[in-house]
Amino acid sequence: MIRIALTKGRIEEKAVYLLKKSGYDCSELEEKGRKLVFKIKNADIEVVLAKAADVITYIEHGVCDVGIVGEDTIMEHGHWFHEILDLKFGKCKFALAGIKGKNFYEGYTHKVIASKYPNVTKKFFNQKGIDVEIVKIEGSVELAPILKLADAIVDIVETGSTLRENGLEVYEDVAEISTRLIVNTAAIKLKKLEIDELVARISSSIDNN
């Protein structure tokens, strides 16, 4: 049996569609109620619904073989697993943003950056050779520059509408991200045939547009 850890929410909906397109019976997932573990009826596959960070934990500890998770989570948490496929959905980007009209890089003052993704933020500024103070925010990170807690934010941007409605703008793109299929390092050897079949079926169903 292959056990797939699937990220709840927006990724879940599109992943279920992709699995169906690949020929898998996802009827249990479509009528899930409050269940968290589901069977793919026409294959020896079990699907576990989990939060994004937990998907990585389950894969790294070997309790799940395959994971479907956003690249933002992979970039923030690092990984000890194989990243196999770009599933081509959930596309967005990490961006540096702040108060509209300001020049973030102007002057030599100490910069404070607010983010839900401190590791991504640290790596981005380290590559630029800029030392910044990072403040971790769990909720609406857009509030940080508005309340003058931070000079800018690093966050996921899709349409940019939330930024615009709050008087903010993108200063610089940090990284393009999308949804990825990942595999446990042991499972890729011990369940090679089963995983190869799963990957081949999903790969042939990916929308490359």
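Residues numbered from 1 in each chain as written. Predicted model: local features only at pLDDT ≥ 70, side-chain atom pairs only at ≥ 80, totals over all residues. Heavy atoms only, no water.

1. Thoughts on helix α1 (residues 10–21)
- Here α1 spans 17 Å end to end across 12 residues, near enough to the 16 Å set by a 1.5 Å rise per residue.
- Among all positions in α1, only I11, E12, A15, V16, L18 and L19 are buried. All buried residues of α1 lie within an arc of 160° about the axis, which places them on one face of the element. Exposed side chains of α1 directed beyond 90 degrees from the buried face belong to R10, E13 and Y17.
- Where α1 is buried, its residues meet β1 (2–7), α2 (27–30), β3 (45–50), β4 (66–70), β11 (179–184) and α9 (192–205).
- Looking at the residues trailing α1, positive phi occurs at G23, about 100°. (Helix = DSSP H or I, 4+ residues; strand = E, 2+ residues; numbered from the N terminus. Expected span 1.5 Å × (residues − 1). Buried < 20%, exposed > 50% of the residue type's maximum accessible area, 1.4 Å probe, protein only. Arc of directions from axis to C-beta. Contact = heavy atoms within 4.5 Å.)

2. Remarks on the nonpolar core
- Counting 29 residues, the largest nonpolar core has L87 and I202 as the members making the most contacts within it.
- For this core, the secondary structure elements donating two or more residues are β1, α1, β2 (37–40), β3, β4, β11 and α9.
- For this core, the leading source of residues is α1, giving five residues.
- Once residues within four sequence positions are removed from consideration, L87 is found in contact with L18, I68, T179, R180, L181, I202 and I206.
- Formed by 13 residues, the second largest nonpolar core is a distinct cluster that contains C92, Y117, V120 and V132. (Core = buried A, V, L, I, M, F, W, Y, C linked by side-chain atoms within 4.5 Å.)

3. With respect to the pairing of β11
- Counting buried positions over the six residues of β11 gives six, a clear majority of the element.
- Neither face of β11 is open: one carries T179, L181 and V183, the other R180, I182 and N184, and all of them are buried.
- Pairing of β4 with β11 involves five bridges; the strand directions are antiparallel. The residue of β11 that forms the bridge with G67 is I182.
- Strand direction decides the pairing type here: strand β5 (residues 81–86) and β11, joined by five bridges, are antiparallel. Its bridge partner lying in β11, F81 is registered against N184. (Pairing = 2+ DSSP bridges.)

4. Some thoughts on the pattern of salt bridges
- Tallied over the full model, the rule gives 16 salt bridges.
- Notably, a salt bridge pairs K32 with E12, separated by 2.4 Å at the nearest N-O pair. With a gap of 20 residues between them, K32 in the loop between α2 and β2 and E12 in helix α1 connect regions that are remote in the sequence.
- The class of E12 is buried, set by a relative accessible area of 8%.
- For E30, the salt bridge is made with K20, and the minimal N-O distance between the two is 2.8 Å. (Salt bridge = Lys/Arg side-chain N within 4 Å of Asp/Glu carboxyl O.)

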